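Coordinates in review
Spelled out, the chains give:
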Protein chains: 2
Amino acid sequence: MALIGPEIERLIHLLAKLPGLGPRSARRAALSLLKKRETLMQPLAQALYDADAAIVGCAVCGNLDTVSPCSVCRDTRRDQKTLCVVEDVADLWALERASVFRGRYHVLGGALSALDGVTPEKLNVDSLIARAAEMDEVILAMNATVEGQTTAHYLIDALRSSGVKVTRLAHGVPVGGELDYLDEGTLSAAFKARRGM
Amino acid sequence: MALIGPEIERLIHLLAKLPGLGPRSARRAALSLLKKRETLMQPLAQALYDADAAIVGCAVCGNLDTVSPCSVCRDTRRDQKTLCVVEDVADLWALERASVFRGRYHVLGGALSALDGVTPEKLNVDSLIARAAEMDEVILAMNATVEGQTTAHYLIDALRSSGVKVTRLAHGVPVGGELDYLDEGTLSAAFKARRGM
């Protein structure tokens, strides 16, 4: 569309690359930004620069923070002998929000995927094996997807020689879930892992 | 969540203000930005600054462009005597994409809404009435919502004294639409406005 200048065109093009925004919603977002220049557009530009300058990847675990090692790795009150392996920083954040784990993390940076060309070399596997040697337990908290479970199986094999205890998250009926709406895989996993009362 | 630094916190907070992004998708967007710093995060920050610096509102019609009057208002090949009134710049873009109108536009900047406190004084109504005096026809292209139609009725009253011909877009079955899926209001409008073959 020749009508829109290159500046808006470029802004829309970049906004459309964000997850959750398509071409149409990127246009809406660009217009909304242009309407709220002082309150949204300029602060967002500044926030992007600030975050880019301040945020670094943790050299130990792969988390994102303003310091490296990150605040989780530095926290001496956390259990230093239990390691929770996650695919992504978002998963680490989710577990921290739920406050279910008080040990340390290891972010793989993705999951194995033949389709997307993600091989073990592209993930932080070597550093995990090095760290695992000093741990009492390694908890594999991969997503319950094909890629996530493939990765978990790969890691179980890779960690076998270190002799560390390896566990994985339980699969079953999610809290609040109705059986009628659950898939066969989940129901089957929940049955197999049933517990005595 | 104390875990995330203030820089990411602020970035997520601002991203969540964009239409189409909630708190969860803003988190995903922030992580995606932090993963693609050179290709997305820095260019987006620059694009926001550039667009903010370059884009101005057209003093005549309210469109957004790098010049004022905007390129639509300057285009002498366009019909100077037909004015299409839209609620928002996004509507102007939509009509331009469809290439259905070759006259000039007038952007109201919203629609009347008692709930949101949008009164006629907050819209570009005065400038519309001034411009309408020089026109052969004013086409009201408001949204077919309660607010849009309220605005259209208000403008019909406001434009009556100027004696200009006022028209509005046809309501009816959208092209490709199936009757079974349409609401009663649309079906009723389509019946009332039926045409001889």
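What counts as what
Residues numbered from 1 in each chain as written. Chains lettered and ligands numbered in written order. Predicted model: local features only at pLDDT ≥ 70, side-chain atom pairs only at ≥ 80, totals over all residues. Heavy atoms only, no water. Least-squares fit on C-alpha atoms with pLDDT ≥ 70 in both. Contact = heavy atoms within 4.5 Å. Buried area = accessible area lost by both parts, 1.4 Å probe. Salt bridge = Lys/Arg side-chain N within 4 Å of Asp/Glu carboxyl O. Polar contact = N/O pair within 3.5 Å; in protein donor to acceptor, adjacent residues only side chain to side chain. Helix = DSSP H or I, 4+ residues; strand = E, 2+ residues; numbered from the N terminus. Pairing = 2+ DSSP bridges. Axes fitted to C-alpha atoms, helices over the stretch in contact; angles between N-to-C directions.

**Side note on the relation of the copies chain A and chain B**
- Note on the identical chains: chain A maps onto chain B by a rotation of 180° and an axial translation of 0.0 Å, with an RMSD of 0.1 Å. Taken together, these values place the two copies in the relation of a two-fold axis. In terms of C-alpha distance to the rotation axis, chain A has alanine 45 of chain A as its closest residue, with the C-alpha 2.2 Å off the axis.
- Interface overlap between copies is the fraction of interface residues in one copy that are interface residues in the other; for chain A against chain B it reaches 98%, indicating a shared surface.

**Here we look at the interface of chain A and chain B**
- With 54 residues of chain A at the contact, the number on the chain B side is 53 residues.
- Carbon and sulfur atoms supply 72% of the area buried between chain A and chain B, which totals about 5,100 Å² over both sides.
- Among the ionic pairs, aspartate 88 of chain B bridges to lysine 35 of chain A, the shortest N-O distance being 3.0 Å.
- Taken together, the links from chain A to chain B amount to ten residue pairs in polar contact (both at pLDDT 80 or more).
- For the side of chain A that touches chain B, the elements supplying multiple residues, two or more each, are α1 (6–15), α2 (23–35), α3 (37–54), β2 (64–65), α4 (71–74) and α5 (89–98) of chain A.
- Here the side of chain A that touches chain B takes 16 residues from α3 of chain A, the largest share from any one element.

**Side note on the sheet that holds strand β4 (residues 104–107) of chain B**
All names here are of chain B.
- The four strands are arranged β4-β3-β5-β6 in an open sheet whose pairing can be described as parallel. A strand with exactly one partner marks an edge of an open sheet, and here the two such strands are β4 and β6 (165–168). On average, each strand axis in the sheet is tilted by 25° relative to the strand beside it, whichever way the strands run.
- Pairing of strand β3 (residues 82–86) with strand β5 (residues 137–140), which is carried by four bridges, proceeds in the parallel orientation. Across the sheet, cysteine 84 pairs through a bridge with isoleucine 139, a residue of β5.
- Most of the contacts of helix α6 (residues 125–132) go to β4, to which it runs at about 155°, and overall it touches β3, β4 and β5.

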